[in-house]
Amino acid sequence: MRRLAVLTAVLSLAVVAGPPAPAAAGTPLARQTLPAGDGWAAEGPGTTGGSAAPPANVHTVSTRAGLVAALAAPGPRIIQVRGTVDAHTGPGGTPLSCADYAQDGYTLAGYLTAYDPAVWGRDREPAGPLEDARAASAARQTAQIKLKVPGDTTIVGLGGSATLRGVNLHVDRADNVIIRNLVFEDAADCFPQWDPTDGEEGNWNSLYDNISVTGSTHVWVDHNTFTDGDNPDSAQPRHFGRPYQVHDGQLDVTNGADFVTASWNVFSGHDKTMLIGSTNNPAADAGRLNVTVHHNHFDDVLQRLPRVRFGKVHVYNNYYEIPDASTFVYALGVGVESKIFSEANFYRLGRAVDPAALLHDWGGTALTSRDDVLRVGGKVRPFDAVAAYNAAHDPDLGSDAGWTPVLHTGVDPAESVRLSVSQRAGAGRLG
Ligand code: CA
Ligand code: CA
């Protein structure tokens, strides 16, 4: 695929403007490529997305139908989003609601009656006609909002507020994808599934991430803003005593994906923010899931910042703003065979937030954590996340991830990160 793309690029250069260049002044946003060495996505051939697209493969879209058509068009392709693309839009632009996807008599009220733990118990997952109806309804929603992104693609927002609302972008078994300068808003699931066997009290689980990267390589997710908009987790009701969770991840990297750089994004007001690796089974993931997470603003998000299994994950120069203990669980999830190398992050915590809670042991053994700073009550001080964790928990985590990142363009002093990330991360900050 890549060889074909390069060949196409060479052929198109004869008739089109200059070659794709690294991100630099003068290169239009849509033609920019990942700078050399900028994280794991720079490995090997690097990440050029659709930057070599000939003019016929450059699409500007402002509707779901336009986006779907552009994703299916020949590559390499550039897709520029203008305004707001709402996934919940039918043929001819008709707005759709959850009721339009419901199948076979599904209603939430009926589902709650059928699977109330007082009736159904807590020992087995829901089954039977109403669960079947829920699954059929979810399948219809999936067909509407989950949009596959092929390889050799760049998707960029035009201007400061281009938005994908209700969309789950799915980068699946693709190589070479760039996603930049977009607001990702509220990929809510109309049909959350109750699982009484998930955790001690059961959980409501939902299907859709804003961006899902599965089985793909060379993916650069940069300068985007992730938000649940006017539908935050904090506004959801509780059913069966548990939060009715209508969202999944904001950016999840799973199923053997590899070579991903997530840079200069804002992740805000969300629960399950960034999952790297979704299973403890090593079959697809061992030796993969290598991701760089740098200069992101984690703004009042609850957990998975990120949560990691298997991967060599470089987490540097991120700004963690954690004002409230009641809307925080943990930042770095140290999962099975994870190899997190965390450095020079800025943790700004509200007074009630416990610094020992920044790490969570999900079955991992060690991580490297160095050169961070912690700000509490206006005072900034050096901070050792592993030492803080180990002082409060047993068993201890080791302090050596066993590798040293090479693919990065320079690590800034942690003290500078709050300002640089506040001023420059997120959509609307480029060009
Ligand atoms: Ca997910
Ligand atoms: Ca200890």
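Thresholds, definitions, all that
- Residues numbered from 1 in each chain as written.
- Chains lettered and ligands numbered in written order.
- Predicted model: local features only at pLDDT ≥ 70, side-chain atom pairs only at ≥ 80, totals over all residues.
- Heavy atoms only, no water.
- Helix = DSSP H or I, 4+ residues; strand = E, 2+ residues; numbered from the N terminus.
- Rg over C-alpha atoms; globule rule 2.2 N^0.38 Å.
- Buried < 20%, exposed > 50% of the residue type's maximum accessible area, 1.4 Å probe, protein only.
- Contact = heavy atoms within 4.5 Å.
- Areas by Shrake-Rupley, 256 points an atom, 1.4 Å probe, with all protein chains shown as cover.
- Lys, Arg positive; Asp, Glu negative; His and termini not counted.
- Charge placed at Lys NZ, Arg CZ, Asp CG, Glu CD.
- Pairing = 2+ DSSP bridges.
- Axes fitted to C-alpha atoms, helices over the stretch in contact; angles between N-to-C directions.
- Donors = N, O, S within 2.8 Å, 3.2 Å for Na, K, Ca; no water.
- Core = buried A, V, L, I, M, F, W, Y, C linked by side-chain atoms within 4.5 Å.
- Salt bridge = Lys/Arg side-chain N within 4 Å of Asp/Glu carboxyl O.
- Arc of directions from axis to C-beta.

(A) Representation of the overall build of the chain within the structure. Along the chain, the regular secondary structure elements total eight helices and 32 strands. On C-alpha atoms alone, the chain measures out to a radius of gyration of 22 Å, which is about the 22 Å that the 2.2 N^0.38 rule sets for 431 residues. Across its three principal axes, the chain shows a C-alpha extent of roughly 70 × 55 × 40 Å. Taken over 431 residues, the chain has a buried fraction of 55%. The contacts in the chain between residues at least 6 apart in sequence include a share of 73% that link residues at least 24 apart. Accessible area for the chain stands at about 17,000 Å²; split by element, carbon and sulfur atoms hold 54% of it. Looking at the chain, you have 33 positive and 46 negative side-chain charges, and the mean spots of the two groups are 6 Å apart.

(B) Geometry of the sheet that holds strand E28 (residues 346-349). Read across the sheet, 10 strands follow the order E3-E6-E9-E14-E19-E22-E25-E28-E31-E32 without closing on themselves; strand pairing throughout is mixed. Single-partner strands in this sheet number two, and they are strand E3 (84-86) and strand E32 (379-383). Mean inter-strand twist for the sheet, computed between neighbouring axes without regard to direction, equals 15°. In this sheet, strand E22 (residues 297-299) lies alongside strand E19 (residues 266-268) in parallel orientation, the contact comprising three bridges.

(C) Just the coordination of the calcium ion (ligand 1), in detail. Bound to the calcium ion (ligand 1) on the protein side are Asp209 (OD), Asp209 (OD), Asp248 (OD) and Asp252 (OD), at distances that span 2.2 to 2.7 Å. Mapping the donors of the calcium ion (ligand 1) onto the primary sequence gives the spacing D-x38-D-x3-D. In this pair, Asp209 is assigned in the loop between strand E11 (203-205) and strand E12 (211-214) and Asp252 in strand E17 (residues 251-254), connecting sequence segments 43 residues apart. The exposure class assigned to Asp252 is buried, which follows from its relative accessible area of 4%.

(D) Here's a closer look at the sheet that holds strand E1 (residues 58-61). Spatially, E1-E2-E5-E8-E13-E18-E21-E24-E27-E30 is the arrangement adopted by the 10 strands of the open sheet, whose pairing is parallel. Single-partner strands in this sheet number two, and they are E1 and strand E30 (368-370). For this sheet the average axis-to-axis angle between neighbouring strands, irrespective of direction, equals 10°. Sheet topology places strand E21 (residues 291-294) next to strand E24 (residues 312-316); four bridges connect them, and they run parallel. If you follow Val291 over to E24, its bridge partner there is Val313. In the packing of helix H2 (residues 64-72) onto the sheet, contacts are made with E1, strand E2 (77-81) and strand E5 (153-157), and the angle to E2 comes to roughly 165°.

(E) Spatial organisation of the nonpolar core. Ranked by size, the top nonpolar core spans 83 residues in total, and within it Leu164, Leu169, Ile211, Val213, Tyr320 and Leu358 carry the most contacts. Not counting residues within four places of it along the chain, the set of residues in contact with Val213 comprises Val171, Val219, Leu251, Asp252, Val253, Thr254, Ala257 and Val260. In terms of nonpolar packing, the next biggest core, distinct from the first, is built from 10 residues, Trp264, Ala344, Val417 and Val421 among them.

(F) Quick peek at the pattern of salt bridges. Enumeration according to the criterion identifies nine salt bridges in this entry. Residue Arg165 pairs with Glu185 through a salt bridge whose shortest N-O separation is 3.0 Å. Taken together, the residues Arg165 in strand E6 (residues 163-165) and Glu185 in strand E9 (residues 183-185) connect sequence positions 20 residues apart. A relative accessible area of 32% means that Arg165 is categorised as partly exposed. Given the relative accessible area of 16%, Glu185 is considered buried. A salt bridge links Glu321 to Arg348, with the nearest nitrogen and oxygen atoms 3.4 Å apart. Remark: Arg348 occurs in strand E28 and Glu321 occurs in strand E25 (residues 319-322); sequence separation between them is 27 residues.

(G) Structural context of the coordination of the calcium ion (ligand 2). Every protein donor of the calcium ion (ligand 2) is listed here as Asn390 (O), His393 (O), Asp394 (OD) and Asp396 (OD), and their distances to the metal cover 2.2 to 2.5 Å. Counting gaps between the donor residues of the calcium ion (ligand 2) yields the pattern N-x2-H-D-x1-D. Owing to a relative accessible area of 45%, Asp396 belongs among the partly exposed residues under this scheme.

(H) Local environment of helix H8 (residues 417-424). Listed as buried for H8 are Val417, Ser420 and Val421. The arc that holds every buried residue of H8, seen down its axis, measures 90°, which confines them to one face. Just past H8, the residue Gly426 takes up positive phi, approximately 100°.

(I) Molecular detail of unusual backbone geometry. The step from Leu305 to Pro306 runs through a cis peptide bond, and the omega angle for that step is -5°. Residue placement: Pro306 occurs in the loop between E22 and strand E23 (307-308). At the junction of Asp394 and Pro395, the peptide bond is cis and its omega measures out at -5° in the coordinates. With respect to the secondary-structure elements, Pro395 resides in the loop between helix H7 (385-392) and H8.

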